[in-house]
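# Examination of the molecular architecture
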Amino acid sequence: MQASVDLAGKNLANHHFISAGQPALTTVVPTAELPAGESPLKFKAQGVGRLYYGARLRFSRRSCPPSRPTTGWWSSAGTPPPTAPSACAP
């Protein structure tokens, strides 16, 4: 089976799978290379077999914001809202 992944019309990966025992293919796209706005992510498969796939979007701040916002909504299950500057995303 021939598989491909496209993001916003740009090809990110192509791979020819011969058998189900092959290792998974992983592709990483740095945030700086992602297109702005809404972009379709398309997985395509041609040939015999079934393509199983997943996509994950992860990000973190390079540094904490200068001050924590004092407005907004907070929900907690037994722990108080974070107050230390180190409580921002890792």
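Below is a short write-up of the structure. On a predicted model such as this, the values are computed, not experimentally measured, just so you know.

### Overview of the overall build of the chain
The helix and strand tally for the chain stands at zero helices and three strands. Taken from N to C terminus, the helices and strands of the chain fall in the order β-β-β. By the burial criterion, 9% of the 90 residues in the chain qualify as buried. Summed over all atoms, the accessible surface of the chain reaches about 8,100 Å², with 56% contributed by carbon and sulfur.

### Remarks on the pairing of strand β2 (residues 10-16)
Bridge count for strand β1 (residues 2-7) against β2 is six bridges, and the pairing is antiparallel. For valine 5, the partnering residue across the bridge sits in β2 and is alanine 13. Hairpin connection from β1 to β2: two residues lie between these consecutive antiparallel strands, with alanine 8 at a positive phi of about 55 degrees.

### Considering the sheet that holds β2
Read from one edge to the other, the open sheet built from three strands follows the order β2-β1-β3, with strand pairing classed as antiparallel. At either margin of the open sheet sits one strand with a lone partner, and together these are β2 and β3 (41-46). Neighbour-to-neighbour, the strand axes of the sheet open up by a mean angle of 15 degrees, direction not taken into account.

### Quick look at the packing of aromatic side chains
Scanning all chains against the criterion turns up one aromatic pair. Plain terms: the ring middles of phenylalanine 43 and tyrosine 53 are 4.0 Å apart, the flat faces sit at 15 degrees to each other, and that makes the pair stacked. Taken together, the positions of phenylalanine 43 in strand β3 and tyrosine 53 in the segment after β3 put the pair 10 residues apart, joining distant regions of the chain. Judged by relative accessible area, which is 26%, phenylalanine 43 ranks as partly exposed.

What counts and how
Residues numbered from 1 in each chain as written. Predicted model: local features only at pLDDT ≥ 70, side-chain atom pairs only at ≥ 80, totals over all residues. Heavy atoms only, no water. Helix = DSSP H or I, 4+ residues; strand = E, 2+ residues; numbered from the N terminus. Buried < 20%, exposed > 50% of the residue type's maximum accessible area, 1.4 Å probe, protein only. Areas by Shrake-Rupley, 256 points an atom, 1.4 Å probe, with all protein chains shown as cover. Pairing = 2+ DSSP bridges. Axes fitted to C-alpha atoms, helices over the stretch in contact; angles between N-to-C directions. Phe/Tyr/Trp six-rings, centres within 6.5 Å; stacked < 30°, edge-to-face > 60°.

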